[in-house]
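Observations on chain architecture
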Amino acid sequence: MKRCCGLFFILVLFVCYAVQGALSQTRHDGIILQIDTTYYAVRGGSVEDLRSQVKTLGPQKGGKRYDAGTEYQIRWRYRSVTANGICRFDSVVVHLNVKFIYPKWQIPPSASERLLSTWRRYYTKLQGHEDGHLDLALAGCREILQAIKEIHPEITCRSIEGKADSFAEAIVASVQKKQVEYDRVTDHGTIQGVRLDP
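In this numbering scheme, every chain counts its residues from 1 along its sequence in written order. It should be noted that, the model being predicted, local features are given only for residues of pLDDT at least 70 and side-chain atom pairs only at 80 or more, the latter also being counted only at that level, while totals for whole chains, interfaces and linings use all residues. Working from all heavy atoms in the structure, the side-chain values ignore hydrogens and water.

A look at the packing of aromatic side chains
The line we're drawing: Planes of paired rings set the category: under 30 degrees apart is stacked, over 60 is edge-to-face and the rest tilted, where pairs are Phe, Tyr or Trp rings (Trp by its six-membered ring) whose centres lie within 6.5 Å. For the purposes of this entry, the term helix denotes a DSSP run of H or I that reaches at least four residues, the term strand denotes a run of E that reaches at least two, and both are numbered from the N terminus. Buried means the residue's accessible area, taken with a 1.4 Å probe over protein chains only, is under 20% of the maximum for its type, while exposed means over 50%, and partly exposed covers the values in between.
This model, assessed by the stated rule, comprises six aromatic pairs. With a centroid separation of 5.2 Å and an interplanar angle of 50°, the aromatic rings of Trp119 and Tyr122 are classed as tilted. With a gap of three residues between them, Trp119 and Tyr122 both fall in helix H2 (residues 113–149), about one helical turn apart. In this pair, the class of Trp119 matches that of Tyr122, namely buried. Chaining the aromatic ring pairs together yields one cluster made of Phe100, Tyr102, Trp105, Trp119, Tyr122 and Tyr123.

Focus: the confidence of the model for the protein
Quick reminder of the rule: Every residue is assigned a pLDDT by the predictor, reflecting its confidence on a scale from 0 to 100. Pairs of residues are marked as contacts when any of their non-hydrogen atoms sit within 4.5 Å.
Of the residues in the protein, 88% have a pLDDT of 70 or more, and the chain-wide mean is 89. With pLDDT under 50 throughout, residues 1–20 is counted as low confidence; its partners more than four residues away or in other chains account for 69 contacts.

Some details on the pattern of salt bridges
The condition is simple: Put simply, a salt bridge is a Lys or Arg side-chain nitrogen that is within 4 Å of an Asp or Glu carboxyl oxygen.
Taken as a whole and judged by the stated rule, the model has eight salt bridges. Salt-bridge contacts for Asp90 lead to Arg88; the nearest nitrogen and oxygen are separated by 3.9 Å. The exposure class of Asp90 is partly exposed, given its relative accessible area of 34%. Residue classification places Arg88 among the partly exposed residues on the basis of a relative accessible area of 39%. Residue Asp197 pairs with Arg195 through a salt bridge whose shortest N-O separation is 3.4 Å.

Here it is as structure tokens:
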């Protein structure tokens, strides 16, 4: 008999120059994950050049620029059915759309092996930090899925749907707080080694 449910954005607004992107989608145990990766171009033949480019062109949030960024959107959908005067959920799916924004170095022919190694190390740490944001969002999706599945059948669909939306909204709010705390305790990845050092 019914229907779908919530659409919630956790938006981290960024400004960047996208030079190319990649899109992937996977589905596992009731969660549909779509990842879109975009890049902004950076140029330079030294660590100082690259650091300056990243700080000038990186994604922007709250008046500050960062080396990379993660935006995400969580949605949940369910179908409720009534049989013998009782309404229950027949299916539940949680959608997570993620957009990563990374720097893409336009490597000059004269780049030294040392600089290439420095960039690879930096980029690996940067991806690790952003993957942490993805992990938190995925954990929230699993919580939403489990919370809705555990709702007991009731006489009216409106009742169980209201509970489902309330549970999901609370979890989304909790995930957002965890994302902010994650950036705080890692200093936006710096403590995890996200640094462009000579």
